[in-house]
Structures are given as structure tokens and as C-alpha cells.
Amino acid sequence: MSSATSFGAGRALSLLPSVDAVLQSATAEHIGTSVRRERLVQMARTAISEVRESIKSGVADLGEDEAVIRKSLLKETEAQLLMIWQKSLEQSLQRVINATGVVIHTNLGRAPLSEGARRAMFEEASRYCNLEYDLTTGKRGTRGARAEKMIAELTGAEDAIVVNNCAAATLLVLMSLSSGGEAIISRGELVEIGGDFRIPDVMAQSGTLMREVGTTNRTKLSDYESAVSENTKLILKIHPSNFRVVGFTESPSVAELAELAHRNEIVFFEDAGSGALADVSDHGMKDEPAIKQSIADGADVVSFSGDKLLGGVQAGIIIGRRNVLERIRRHPLYRAFRVEKLVYAGIQGTLESFERGTEFQDIPVLRMIAASKKDLGARTNSFLQKLLATVGKSISAEAAEHSSAIGGGSAPGVHPETVVIKIKHNEKSANLLEETLRTHKPAVVARIVDDAVVVDLRTVFEDEENDLLDAIVSCA
Ligand SMILES: *Cc1c(COP(=O)(O)O)cnc(C)c1O
């Protein structure tokens, strides 16, 4: 830094606005209508210190006139203040239009809820409700009784327990049933499921000694059989949700493993992960374990997520034999893992669609997975016509064949055929278009494929189409 600049910087630093001056600006006044004063003062201080840092790291020549310098520094500080405020708004949880075609999008909150689930959560459970109160007797009732009963009825299990998520469910089952003993698991199922959920670590955390059998691609019933000892408490089967081993593979069926477990008076537990309650085999998902079938085949305990293929709220659902589930309910950590009223309501609202047999119409995840290429093509074309009639000449848009994805670590090999809209701008890059959509209100999240922004209506609700249209038009 030359001495001339450092002299200039020193002078600029001495002319920075005071907190009071910033608070009196129009920007602060505007933000002040939404935040209380202490928070505004804090943000003003941060804005001033950011301008101070930028002066120190070398700043554009502000000239000589003191009044001009003061004015421009105040303007700069106001701009910083506005940015700080907008950034904190940006981070607020807000509705997003998912135009990616990834149905169970982990970063976008996994399963969008059905109207039934939304209504139950908002209308029935968000004020006071009969969470632990029996309205017929006026006495204390069982927490979440209706939701757990519905799960049991729909899966054919004797009993059900709801906890915070499937990771908690798996840990709780192991802690309650195999802590201090051994659990047998195939080497092909020592999986990691998103982030930090790794089966060997979960086993260790639960105090269970892991007895690995077989190989990565092939494990036989006899491998399990010869590993059973007097310390064995459990046989565990984990669904390898987010990957597939193909080719020379083998693993025993649920029925065979359940029979082996019962012959040795131990428990058979399946962590099914996504867990399909509906029959999704017509939609390319022949590998997804059907929860009902596992129970029918003799599994003592099955765990699965509430917000993957079930299409409801985040929850871990544990189903199985009543005497086994009673042991889980009695574990001290059940209380730590249990869910609140909104979750029970969300499950109840979701499952009512299964009870009625309208799950493929009502539950967004299932409706989106089941949407055919033909129907999506027709919907996409009519949206495209509307778009072309509205959007300026700078944007080109055309329909193209593509594939969607299930997501959420479910059905990794399934890519339902779809028809997308490819959007390009004759001057702006695809990255810039994608950013414009993402920062629109409501935000639109789309993919970039081959230098074009790609919009897949599979995951866009019909009543979001006007907002989507506005967002695309704003890119022009
Ligand atoms: C997704 C998954 C989990 C974790 O479920 P969360 O609901 O995300 O906690 C556990 N096990 C399997 C097999 C899974 O697929």
C-alpha cells in the first residue's frame, strides 16, 4: 500500500458513519418496521465494521471533499445493512418450487405433505388437542394412539411405535433388543445412509457386538446359521437404500431369516429404510421392500421412514410383535426419541388416504412417482405454450425427453421417463438463469443440463404453475 493510499484510507476510516447516523437512514427505518431496535443496532454495527474492513483492504478513490466521502460511506453502509437483512430473510424457512424432478429431495425437505396431512397438523393439532386425553372417558389417554393403531392396521403388524426418524428407530431397536449381546449382519449390508448414519457405528453406539457374515455380494443362509451362538440376540437385515449390488449376488429372504431366528429363539429385525406401504412395483421399484410383506413373512420388528416412500412427515416408524415392541417402549431413551403432536397428526392425515385407498391421488410423493410420461408430456406442452406466449424474445424454450429421479436415498436405479422444458437465454448463461430462478419469490430450484436450465413439472404442483411462469418470465 502506498503512503498516499494509506493516508486516504485513514481519512476514510475517520469519516465512517456513526451507528446513530446509520439508524437514521431510510434503509434502517425500512428494516426497523420488521425488527426490534437492539437487533437493528447490532446489524448497523456489523455493516459499519464490514465497510471498515473493505476500506482497510484497499478502496476506490473517494476524492477529497469530506462531505462527498461521508455521503458515499453512509450509502455503502446502508447497502451492507440491507444485504445483512436480506441474507437473514433468505435463510428463513420458506416455500420452494421444486422443478428438479427429484421427488424425495433431501435438501428441499423430502416428502411434500398431502392436503390431509396439512389439514390434520394445522387444523387439528396446532392448538390444544387430545394428544394424551381420552375424550370418551375424560381420563388420560395413550399418546398417539390413533396414528400408531392405523400404522399397525395398514401393515398387518400387532403394534407400532413412532419416533423422530428412522435413524433413531434403528438405534432404539438395537439398544432395546441387542445391547450387551451380538447381532448378525451380512457384510453386504454394512452401509452408510446419508451423512453420518453408518451401520457399524450405530451398532457400536447401541452396545451391540456386530457379527459380520458372508461377503459383499453374496451371503447365504448357512453363513447366518453358523454364526448363531448363545450371545446372539438378533439377526439384522438392512435395506441398502441408496445403492445396488448387481450381478453375482445372493442373500436369504426375509422369510428364511425370520424362520432361522425363531428356530433359535432370537429376534429378526429389518431396517427397511424407505419402506413402501403402497405397491410401487408398477413404477419400476421392484426392489423396494414392501412393509406388509416383511411382517407377513415373519419379521419381528421392521423400521422405516415416515418421509420417504410413505410420503408423510419426518418420523421413524417401528412395527412388529407386541411383546417385542413393549421392550422398546420401556427403554429409557424412548422418551427422548418420541415425537410431538404435529407429527402424530401428520401421520394420521397421511394414513387416512391409505385407509380410503386414495393414496395415489392424495399423497404427492406417490402421485408424482406414478405420473406417466404421456400425462407429463401433455401438461408440459400446455405450460410451454403459455410460456412462449408470455416470455420475451430473449428466451428460448422447448420440450425435451428426459428422466426424473426418486431421490431421498430411495430406489437409486429408478429413473422415470419424463418430458422437461429446456430454457436458454440468448445472452445470459444457464448459471445466471438458474440463479435468477433460485432468488425469485417464491424460489424455483431447477437443474442445469448441457448449458440449459431444465424444468421438470413432475415435482411442480399444478397450483404452482403460475408462480413458475412468472419466475421464468423474470429471467428475460
Ligand atoms: C433413510 C434410511 C435410514 C434413515 O432414515 P431417516 O428417516 O433419514 O433417519 C435408515 N435406514 C435405512 C435403510 C434408510 O434407507
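See the structure printed just above.
Residues numbered from 1 in each chain as written. Predicted model: local features only at pLDDT ≥ 70, side-chain atom pairs only at ≥ 80, totals over all residues. Heavy atoms only, no water.

Colleague: Summarise the sheet that holds strand β9 (residues 316-320); cite the residues concerned and give the values.
Modeller: Read from one edge to the other, the open sheet built from seven strands follows the order β3-β9-β8-β7-β6-β4-β5, with strand pairing classed as mixed. Across the chains shown, the open sheet's two edge strands, defined by having one partner strand only, are β3 (159-163) and β5 (209-213). Pairs of neighbouring strands in the sheet enclose a mean axial angle of 25 degrees, with direction left out of account. Across five bridges, strand β4 (residues 182-186) lies against β5 in parallel orientation. If you follow Ala 183 over to β5, its bridge partner there is Met 210. (Pairing = 2+ DSSP bridges. Helix = DSSP H or I, 4+ residues; strand = E, 2+ residues; numbered from the N terminus. Axes fitted to C-alpha atoms, helices over the stretch in contact; angles between N-to-C directions.)

Colleague: Give a detailed account of the layout of surface pockets, specifying residues and quantitative values.
Modeller: Of the volumes computed, that of the second largest pocket is approximately 660 Å³. Taken together, 28 residues make up the lining of the second largest pocket; nearest its centre are Glu 189, Lys 237, His 239, Pro 240 and Ser 251. Counting only elements with at least two residues in the lining of the second largest pocket, the list comes to β6 (232-238) and α12 (291-296). (1 Å grid on protein atoms, 1.4 Å probe; cavity = no way out; pocket = protein on both sides within 12 Å on 5 of 7 lines; lining within 4 Å. Points joined across faces, edges and corners; volume = space filled by probe spheres on them.)

Colleague: Give a detailed account of the sheet that holds strand β12 (residues 417-425), specifying residues and quantitative values.
Modeller: With antiparallel pairing, four strands are arranged side by side in an open sheet as β10-β12-β15-β14. The open sheet has two free edges, formed respectively by β10 (395-403) and β14 (447-449), since each of these has just one partner strand. Pairs of neighbouring strands in the sheet enclose a mean axial angle of 40 degrees, with direction left out of account. Across four bridges, β12 lies against strand β15 (residues 452-456) in antiparallel orientation. Within β15, the position partnered with Val 420 by the bridge is Asp 456.

Colleague: A description of the site of the ligand should follow, citing residues and the corresponding values.
Modeller: With respect to spatial proximity, the complete set of residues near the ligand consists of Arg 110, Asn 165, Cys 166, Ala 167, Ile 193, Phe 197, His 239, Ser 241, Asp 271, Gly 273, Ser 305 and Lys 308. Contacts to the ligand include Cys 166, whose backbone N or O atom sits 3.0 Å from an oxygen atom. Here an oxygen atom of the ligand sits 2.6 Å away from a polar atom, N or O, in the side chain of Ser 305. Coverage of the ligand by the protein amounts to 93% of the 380 Å² it exposes when considered alone. Going through the elements one at a time, α8 (166-177) and β7 (267-273) are the ones with two or more residues in the shell around the ligand. (Near = heavy atom within 4 Å. Polar contact = N/O pair within 3.5 Å; in protein donor to acceptor, adjacent residues only side chain to side chain. Areas by Shrake-Rupley, 256 points an atom, 1.4 Å probe, with all protein chains shown as cover.)

Colleague: Outline the nonpolar core, supporting the account with residue identities and numerical values.
Modeller: Residues Val 301, Ile 318 and Ile 319 are the most contacted members of the largest nonpolar core, which totals 87 residues. Ranked by residues supplied to this core, first place goes to α8 with eight residues. Here Val 301 is in contact with Val 173, Leu 177, Val 267, Phe 268, Phe 269, Glu 270, Ile 318, Ile 319, Gly 320, Val 324, Leu 325 and Ile 328, once residues within four sequence places are set aside. Counting 24 residues, the second largest nonpolar core, distinct from the first, contains Ile 97, Ile 423, Leu 437 and Val 455. (Core = buried A, V, L, I, M, F, W, Y, C linked by side-chain atoms within 4.5 Å. Buried < 20%, exposed > 50% of the residue type's maximum accessible area, 1.4 Å probe, protein only. Contact = heavy atoms within 4.5 Å.)

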